[in-house]
Amino acid sequence: MADIEGTWDPQFGAVVDALSSSLDAGTDVGASVAVLLDGEPVVDVWGGFVDERHSAPWREDTLTNVWSTTKTMTFLCTLMLADRGELDFYAPVSDYWPEFGAAGKEQVQVRHLMGHTAGLPGWDQPLQAEDLADWEKCTSLLAAQEPWWEPGTASGYHAVTQGYLVGEVVRRITGETLGAWFAREVATPLGADFHIGLPESEDHRVSPVIPPPPVDLAELKPSRIAIRAMTNPPLDARYPHHAWWRRAEIPAANGHGNAKSVALVQSVIAGSGEARGVRLLSEKGCEPIFDEQAHGVDLVLGLTNRFGMGYGLRHELMPIGPRACYWGGYGGSLIVMDLEARLTVCYVMNRMDSGLQGDIRGATILLAAAAALAEG
């Protein structure tokens, strides 16, 4: 069995075994897992290596790019602003960002940005990869363009654009970038080692993501909307290997952390607004999560999804609890919070699979945690 470091409650030993088995099988190279119950860790483990060469072990403070798991941090920031009365999810985006009202978007509401129903999953104007580090360019182009479908009628996963759209609303309200506001209002109070815009001083702790095997697009048969959304610029798993990506703030895709830091932040949701003595939301502040924004086949992903206010909710393909929410990242990372069980489960790894929303590795960890809780 692979060497696993960290601490865990014996009741949750099956979770540790699942990670060890994945490392043994080579489906994981380096990874971390965290399970929190009532905001307290019952599993905090890691194992494997920081790269395929096995040049160094994955350590307790190893960080990696978690892709769209970053979105859950952005969602939490908006929930906090709404809870404070500074943001109304049902208000037009242009109330906060006047320029956004161009090109027939006067009635697009903040909730449409949160639920991927705004019709802006990509850019009309051609972009180069490094343009993603240009906040002003990315946001101003989105503000000026027409929606690709009638907003509010269907979801189409805003894989990268959601971070700019929601992040600009946050910036207009707070006067700070989302990454800076998150660091001050969320990460620092919780002592969470998660970064949206990674300082150069932390590069030495990064385990570069290992890109997934090539995907045969002919087999996937993507829609025209999916092709437009995912190819301008092309979604390249090697972006996090570059300093420009790590330094930028891309609040939908370039957060750096590990399972412990992701779980620590999101355990605020599982704890109805509080974790380990730190309250970021009132108990009612979590309720907007369960305000369904879309349920059906997503126009970009081509799969059934159900979106609440940002977070994914229980649906046919994700049989979590009725008071649970989740999201996952390109390549496999996963975070799930259950408010009834007060349970938070997170899996973060460096070896990517090809899925945009997690894969069997994270699901195995989640099932093991749920079974352990039920048996206890």
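Before any of the text, the structure's been laid out above.
Residue numbering note: each chain is counted from 1, following its sequence as written. Whole-chain, interface and lining totals are the exception, using all residues; otherwise, since this is a predicted model, local features are given only for residues with pLDDT of at least 70 and side-chain atom pairs are given and counted only at 80 or more. Side-chain measures here rest on the full set of heavy atoms in the structure, leaving out hydrogens and waters.

Participant: Could you give an account of the sheet that holds strand S4 (residues 64-65), naming the residues involved and the relevant values?
Facilitator: Ordered in space as S4-S6-S5, the 3 strands form an open sheet in which the pairing is antiparallel. Only two strands of the sheet have a single partner each, and these edge strands are S4 and strand S5 (195-196). For two strands to be treated as a pair, DSSP must find at least two bridges joining them. In this text, helices come from DSSP runs of H or I with a minimum length of four residues, and strands from runs of E with a minimum of two, each type numbered from the N-terminal end. Where S5 meets strand S6 (residues 255-257), 2 bridges bridge the pair, whose relative direction is antiparallel. Considered in S6, the bridge of His195 is made with His256.

Participant: Can you explain helix H10 (residues 259-270)? Please cite residues and give values.
Facilitator: Here a helix's expected span is defined as the number of its residues, less one, multiplied by 1.5 Å. In a regular helix each residue adds 1.5 Å, so 12 residues correspond to 16 Å; H10 covers 15 Å between its end C-alpha atoms and thus fits that length. Burial analysis of H10 places 11 of its 12 residues in the buried class, the great majority of the element. Burial classification: accessible surface area is computed with a 1.4 Å probe over protein chains only, and a residue below 20% of its type maximum counts as buried, one above 50% as exposed, and the rest as partly exposed. Looking at H10, one finds that the buried residues are Ala259, Ser261, Val262, Ala263, Leu264, Val265, Gln266, Ser267, Val268, Ile269 and Ala270. Count one or two residues on from H10 and you reach Ser272, which has phi positive near 55°.

Participant: Describe the packing of aromatic side chains, with residues and values.
Facilitator: Between rings of Phe, Tyr and Trp, where Trp is taken as its six-membered ring, a pair exists when centres lie within 6.5 Å; planes separated by under 30 degrees are stacked, by over 60 edge-to-face, and by other angles tilted. If you walk through the whole model with that rule in mind, you get 13 aromatic pairs. When the ring of Trp67 is compared with that of Trp245, the centres are 5.5 Å apart and the planes differ by 50°; the resulting orientation is tilted. With Trp67 in the loop between S4 and helix H2 (71-83) and Trp245 in helix H9 (residues 243-247), this residue pair connects regions lying 178 residues apart in the sequence. Taken individually, Trp67 and Trp245 each receive the classification buried, so the pair is uniform in this respect. Note on Tyr239 and Trp245: the rings are 5.6 Å apart at their centroids and 35° apart in plane angle, and the pair reads as tilted. Take Trp245: its relative accessible area is 1%, and that puts it in the buried class. Among the aromatic residues, those joined into a ring-pair cluster are Trp67, Tyr239, Trp244, Trp245 and Tyr330. A cation sits over an aromatic face here: Lys105 above Phe100, 4.8 Å from the ring centre. For the cation-ring pair, Arg228 lies above Trp148, with the distance from its terminal atom to the ring centre recorded as 3.7 Å. A ring is considered to have a charge above it if a Lys NZ or an Arg CZ atom is located within 6 Å of its centre and within 35 degrees of its normal.

Participant: Please give an account of the environment of His54 that cites residues and values.
Facilitator: The residue His54 is located in the loop between strand S3 (40-48) and S4 in this model. Linking His54 and Glu176, residues 122 residues apart in sequence, is a C-alpha distance of 39 Å.

Participant: Outline the pattern of salt bridges, supporting the account with residue identities and numerical values.
Facilitator: The salt bridge definition used is simple: a Lys or Arg side-chain nitrogen within 4 Å of an Asp or Glu carboxyl oxygen. All chains considered together, the criterion is met by 23 salt bridges. The salt bridge involving Asp28 is made with Arg361; its shortest N-O contact spans 3.1 Å. Taken together, the positions of Asp28 in the loop between helix H1 (13-25) and strand S2 (30-37) and Arg361 in helix H11 (residues 360-375) put the pair 333 residues apart, joining distant regions of the chain. For Asp28, a relative accessible area of 3% gives the class buried. One salt bridge in this structure joins Glu292 and Arg306, with 2.6 Å as the shortest N-O distance. One end of the pair, Glu292, is in the loop between strand S8 (278-279) and strand S9 (294-297); the other, Arg306, is in strand S10 (residues 304-307), and 14 residues separate them in sequence. One network of salt bridges, with partners in common, ties together Arg84, Glu176, Arg184 and Glu185.

Participant: Pulling in residues and values, what's your account of the environment of Ala263?
Facilitator: Relative to the assigned elements, Ala263 resides in helix H10. With 234 residues separating them in the primary sequence, Ala263 and Val29 have C-alpha atoms 21 Å apart. Whether two residues are in contact is decided by their heavy atoms: any pair within 4.5 Å suffices. Residues in contact with Ala263, not counting those within four places in the same chain, are Ala34, Leu36, Ile335, Thr344 and Cys346.

In short, the description is geometric, and any link to function would need to be established separately.
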